[in-house]
Amino acid sequence: MASRPRTLYEKIWDAHVVETREDGTALIYIDRHLVHEVTSPQAFEGLRAAGRRVRRPELTLAVPDHNLPTTPRVDAAGRPVPIADPESAAQLAALEANAPAFGIRYIPATAREQGIVHVVGPEQGFSLPGTTIVCGDSHTACHGGLGALAFGIGTSEVEHVLATQTLLLQQARPMEVRVEGELGLGVSAKDLILHIIGRIGAAGGTGHVIEYRGRVFERMSIEERLTVCNMSIEAGARAGLIAPDDTTFAYLKGRPMAPKGAEWDAAVAYWRTLRTDEGAVFAKSVTINAADVEPSVTWGTSPEDVVPIGGRVPAPEDFADEAKRIAAQKSLEYMGLAPGTPMTEVAIENVFIGSCTNSRIEDLRAAAAVLKGRRKADNVRWAIVVPGSGLVKAQAEEEGLDRIFTEAGFEWREPGCSACLGMNPDKVPPGERCASTSNRNFVGRQGPGARTHLVSPAMAAAAAVTGRLTDVRALV
Amino acid sequence: MQPLTRVTGRAIPLGLKNVDTDVIIPARWLKTISREGLGAGAFEAIRSEPGNVFDNPLYAGAKLLIAGDNFGCGSSREHAAWALADLGIRVVIAPSFSDIFSGNAVKNGILPLVLEQDAVDRLLAVAREGLELTVDLEAQTVTTPYQDRFAFAIDPFRKHCLLNGLDEIGLTMARSEAIAAFEARRAAAQPWLMRGTAATS
Ligand code: SF4
């Protein structure tokens, strides 16, 4: 068995099997657990009711992000600003109390290290290659950019992990998405993952864990890899992975929770073994030609509804599949779009740059590069930039990016999930359109009736400048 | 979780068919941070009617609930089981249940007890007199003060979990030694994996 060539996913899986059960499920050890305020209160309460403790408190990190307003968190006198919405306030208070009560490290809303769970984990060196990482949020796959097996879980599983540091799981099938060639100028990691989802479909990865392979990924920065893996769930996959390499090690070295000294060397030696063996078999394999990828936008209410920016809104008749025709019809009605409209003629009123998909320093740099010396169009009513963490925010301010954004008419906010999910005050009004760097364009995701177009940070900036969806390559 | 072996108590004779999870706990109660306290929202619509079974003193302190076919249909929300548990209900008797609900019920120490419609009707009649019923899970019987005795079937694994108060977490915790052995191997071979937040310099 040990000699059989294995995929990266199979290697990580095998290294975490505590025991296998008769029914084929396995008890899998969880190395890292991220907890936020929305999906954890009942889990902690369950522990309390059963008189249970957290098995390994140091393997869980808690940080609030989903509900927090992105307006200033402390007033002029340095006092914390209370959250107006009583339910959000109660969820935050619950996490604030639960984390210390169970011995879990908690990053408060007002700390510099606070941010979106999936930005904070890698940034702190908490997320490491070859580890299993879970969180009560479906975009946990993000951490796969470091070569970790990371996936989202529900509240009852959160409680299970807290109590046992394990999960009972069925092994998924390994899938390969291979990208050949190089991406063109002005084409980003976000454009690539949107293109991939458009190509394989929102259910294309169902039951699988995707490994992204090819030179393109090897040449990507960690920020870009995190963006790609983040949206694996939009392709239906359980998780997405990119093999760790020197770029990964350089990114992690010296991070607060990363291994140090001799342990660092031992860790790197182990991480170097985390590659798919020659001859390993993938259950499914898709090849994409990088030259085919253009700046991408979504037109509908499923992340697979992707077209190149030079394309047009499709007509329901364009789809062979009957169910897809009906879905497309509904999407077009919701989105208020007529078939055949060039995407570059779609006017937008809102721009959101943020979310765990695109709120890291490189994302902000890419957007700022487009906005420098420019201003948002008059029809753009609301444009916000929400850094993924306080550290990203501080770095951006040091580079003067905040001024570029504010001079361009953007609001510069405090870190959090913000308009990614319409659960906090940052919402897109009903019927209005938003060029958004987030990951989901579902009906009502950014607020009831909100119309989302998923784009890259540079494309969001370009849309802000012209007031409509725009090919950023025309502006640079 | 509280083990369930023998339950003696009054039963709320609800009797309705297709009681869905929205009836058991309306959506507006889902934003809570607790599993407890949901009893206040349980069966809200029914309880807003005067003279409803839930507020009838004859059934005060009931530990059982008797309903019609397809109890717990609708959404998968675990809140429905939490709400019943918060009301103090340990057993729901009905001719059939939705699959998801019965799974959630067992997870929360509630027995979804299936009996033929005739037997359910007889138990409804006894319950309406305010008399106590006894459910013996070990013997798999329901008995009444009138010497009625109904046998019921239950999946052996579910029975085992309920009798011993085992939820999924409890079952995994029973494997604690295997987990500890795994942790010990890692701590020796790859200590950095076990440090987590404690690694901060
Ligand atoms: S930014 Fe959006 S997807 Fe990411 S963690 Fe927050 S809510 Fe989830």
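Before reading on, note that the structure itself is shown above.
Here's what I pulled together on the structure shown here. Being a predicted model, the structure only gives us computed values, none of them experimental.

What follows is about the nonpolar core. Residue and element names in this part refer to chain A. Met343, Val351, Ile353, Leu364, Phe405 and Phe410 are the most contacted members of the largest nonpolar core, which has 63 residues in total. Among the elements that take part in this core, helix 15 (residues 457-466) stands out by supplying eight residues, more than any other. A domain-level breakdown of this core finds at least three residues from each of domain 1 (8-169) and domain 3 (296-474). In this structure, Phe410 is in contact with Val351, Ile353, Leu371, Ala383, Ile384, Val385, Phe405 and Ala464, ignoring residues within four places of it in sequence.

Turning next to the sheet that holds strand 4 (residues 60-62) of chain A. All names here are of chain A. Spatially, the five strands line up as an open sheet ordered 5-4-3-6-7, and their pairing is parallel. Since the sheet does not close on itself, it has two edges, and those belong to strand 5 (105-106) and strand 7 (149-152), each with one partner. Pairing of strand 3 (residues 32-35) with strand 6 (residues 132-135), which is carried by three bridges, proceeds in the parallel orientation. When the sheet's bridge partners are listed, Arg32 is paired in strand 6 with Ile133.

Moving on, we get to the packing of aromatic side chains. All names here are of chain A. Applying the stated criterion across every chain yields a total of 14 aromatic pairs over all chains. For the pair Phe44 and Phe102, a centre-to-centre distance of 5.3 Å together with 35 degrees between the ring planes defines the contact as tilted. With a gap of 58 residues between them, Phe44 in helix 2 (residues 41-50) and Phe102 in the loop between helix 3 (86-101) and strand 5 connect regions that are remote in the sequence. Across this residue pair, the class does not change: Phe44 and Phe102 are buried. Seen from their ring centres, Trp264 and Trp271 are 5.6 Å apart, and the 85 degrees between their planes marks the pair as edge-to-face. Comparing Trp264 with Trp271 shows no difference in burial state: the two are buried. One aromatic cluster is present, built from ring pairs that chain together Phe249, Trp264 and Trp271.

Bringing helix 6 (residues 189-200) of chain A into the picture now. Residue and element names in this part refer to chain A. The end-to-end C-alpha distance of helix 6, which contains twelve residues, comes to 16 Å, matching closely the 16 Å that a straight helix rising 1.5 Å per residue would cover. Among the twelve residues that make up helix 6, ten are buried, leaving the element largely enclosed by the rest of the structure. Residues Ala189, Lys190, Asp191, Leu192, Ile193, Leu194, His195, Ile196, Ile197 and Ile200 constitute the buried set of helix 6. A positive phi of about 90 degrees marks Gly201, the residue just after helix 6.

For the rest of this paragraph, the subject is the packing of helix 12 (residues 361-371) of chain A against helix 13 (residues 390-398) of chain A. Residue and element names in this part refer to chain A. Between helix 12 and helix 13, the shortest axis-to-axis distance is 9 Å and the interhelical angle comes to 40 degrees. With respect to helix 13, the axis of helix 12 lies oblique. Here helix 12 runs over helix 13; the crossing is right-handed. Two secondary-structure elements touch here, helix 12 through Ile361, Leu364 and Arg365 and helix 13 through Val392, Gln395 and Ala396.

Before going further, it helps to spend a moment on the pattern of salt bridges. If you walk through the whole model with that rule in mind, you get 35 salt bridges over all chains. Between Glu322 of chain A and Arg325 of chain A there is a salt bridge; the shortest N-O distance is 2.7 Å. Of the two residues, Glu322 of chain A and Arg325 of chain A are both situated in helix 11 (residues 322-335); the distance of three residues between them amounts to about one turn of the helix. Judged by its relative accessible area of 46%, Glu322 of chain A is partly exposed. Looking at Arg325 of chain A, the relative accessible area reads 28%, which means it is partly exposed. For Arg122 of chain B, the salt bridge is made with Asp148 of chain B, and the minimal N-O distance between the two is 3.0 Å. Highlighted residues: Arg122 of chain B in helix 5 (residues 117-128) and Asp148 of chain B in the loop between strand 7 (141-143) and strand 8 (149-151), separated in sequence by 26 residues.

Reading guide: rules and limits
Residues numbered from 1 in each chain as written. Chains lettered and ligands numbered in written order. Predicted model: local features only at pLDDT ≥ 70, side-chain atom pairs only at ≥ 80, totals over all residues. Heavy atoms only, no water. Core = buried A, V, L, I, M, F, W, Y, C linked by side-chain atoms within 4.5 Å. Buried < 20%, exposed > 50% of the residue type's maximum accessible area, 1.4 Å probe, protein only. Helix = DSSP H or I, 4+ residues; strand = E, 2+ residues; numbered from the N terminus. Domains from an automatic or database assignment. Contact = heavy atoms within 4.5 Å. Pairing = 2+ DSSP bridges. Phe/Tyr/Trp six-rings, centres within 6.5 Å; stacked < 30°, edge-to-face > 60°. Expected span 1.5 Å × (residues − 1). Axes fitted to C-alpha atoms, helices over the stretch in contact; angles between N-to-C directions. Parallel < 35°, antiparallel > 145°, perpendicular 65-115°, else oblique. Left-handed = near helix turned anticlockwise from the far one by under 90°. Salt bridge = Lys/Arg side-chain N within 4 Å of Asp/Glu carboxyl O.

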